[in-house]
Amino acid sequence: MKNAVFYFSGTGNSFKVAQSLAKKLPEAAVYSIPKILNKTIPTDFATIGVVYPVYMYRIPKIVVRFLKTLAPQLKQSYNYLLATNGGEPGLSIKMGKKILKKKLSAGFSLEMPNNYIPFWEDQEEEKINEILSGFEKSFQTIITQIQNKATCLYQSPELFRNYIHPGILYKFGYNFIEQLGKQFWVNENCNSCKICVRLCPVENISMKDNLPVWKTQCEQCFACINWCPQKAIQYGQKTETKGRYHHPDIQLKDFIQD
Ligand SMILES: Cc1cc2nc3c(=O)[nH]c(=O)nc-3n(C[C@H](O)[C@H](O)[C@H](O)COP(=O)(O)O)c2cc1C
Ligand code: SF4
Ligand code: SF4
């Protein structure tokens, strides 16, 4: 294999992007970060890409752990990060640069549908369709740069929304992200199918009295709430009336961890 794409994904956006990269790069292999994190990470490739969703303007903690393990092993000349996000990538690429230092060749931001349901607005479904229909064009810009081994780091032009706001307001939240799993609860629609338990990438859900309970090592990937076939999982008080999201080309079976 010449090229590797590692990914972390809760609802399929980053997985879709990882698959799309692999289709365009010769002899490419795709690896799930949760499945490979505690094993020997293969690094014998000409290029390595890491695709992940932005959380609270930053990199998911599981991806930070992966990058810290990967960094000392990187020998190839072209390594890149690709941050999928809901339009506000914030400090994410900057954070990756701090971890990988000179070994990071490029960092890209790609807007995808926002899977953070509590913040959804009335017109969210229209917005989702608009973003999905523009995917090929925005993806093409990035893949061309990767094929040309462009060295460029995404920098947001918006000072307040992407630097000051996330720096001040969200630093606190990010530090306590694992605890936020306690915001999940389940309503009477749960049929005890255990799908949420099987798809959690960090074993943060277990069953008690035939109902799921959330522990305190949540990555906030929002896979459980978005994939639950009964829409029984809620987060705080703002999700019972809202829809659910997963990338339309991606199936639940790709997210089952066992
Ligand atoms: C807990 C959480 C926090 C998020 N924070 C941000 C954010 O700070 N900025 C942003 O643009 N999108 C944010 N998003 C949206 C995701 O980054 C975006 O929808 C991503 O493409 C989801 O990828 P996935 O389907 O591979 O999981 C957040 C999503 C979640 C679940
Ligand atoms: S996936 Fe949904 S229905 Fe199935 S056990 Fe979990 S909460 Fe209940
Ligand atoms: S509990 Fe839900 S949101 Fe948290 S890591 Fe597991 S699947 Fe993701």
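If you're wondering where the values come from, they're calculated on a predicted model, not measured in any experiment.

About the thresholds
- Sequence order sets the numbering: in each chain, residues are counted from 1 along the sequence as written.
- Chains carry letters and ligands carry numbers; both start at the beginning, A for chains and 1 for ligands, and go up in the order they are written.
- Per-residue local features of the predicted model are confined to residues with pLDDT of at least 70, and side-chain atom pairs are confined, for both listing and counting, to 80 or more; whole-chain, interface and lining totals are unaffected and use all residues.
- Here, nearness is defined through the C-beta atom: a residue counts as near a molecule or strand if that backbone-placed atom lies within 6 Å of it.
- Classification convention: Asp, Glu, Lys, Arg as charged; Ala, Val, Leu, Ile, Met, Phe, Trp, Tyr, Cys, Pro as nonpolar; all other residues, Gly among them, as polar.
- Think of it this way: any DSSP run of H or I at least four residues long counts as a helix, any run of E at least two long counts as a strand, and we number them from the N terminus.
- For the domains described, the bounds stem from an automatic or database domain assignment.
- When buried Ala, Val, Leu, Ile, Met, Phe, Trp, Tyr and Cys residues are joined through C-beta atoms within 7 Å, the set is termed a nonpolar core.
- Exposed residues have 12 or fewer other C-beta atoms within 10 Å of their own C-beta, buried residues have 20 or more, and partly exposed residues fall in between, where C-beta atoms are placed from the backbone.
- Residues are scored as being in contact if the C-beta atoms we place from backbone atoms lie within 7 Å.

## Here we look at the site of ligand 2
Neighbouring ligand 2 are 13 residues, the closest being C190, C193, I195, C196 and C228. For the shell around ligand 2, the residue count by class is nine nonpolar, three polar and one charged.

## Description of the site of ligand 1
The environment of ligand 1 is formed by 27 residues, the closest being S9, N13, S14, P53 and N85. For the shell around ligand 1, the elements supplying multiple residues, two or more each, are α1 (13-24) and β4 (78-85). When residues in the shell around ligand 1 are grouped by element, the largest group, three residues, is from α1. Classifying every residue of the shell around ligand 1 gives twelve nonpolar, 14 polar and one charged. Each of two domains, domain 1 (3-170) and domain 2 (177-255), supplies a minimum of three residues to the shell around ligand 1.

## As for the nonpolar core
Y7, V51, Y52, V63 and L82 are the most contacted members of the largest nonpolar core, which totals 40 residues. For this core, the secondary-structure elements that each account for two or more residues are β1 (3-7), α1, β3 (47-53), α3 (61-70), β4, α4 (92-100), β5 (106-111) and α6 (135-147). Ignoring anything within four residues of it in the chain, the contact list for L82 reads V17, G49, V51, F108, L110 and I142.

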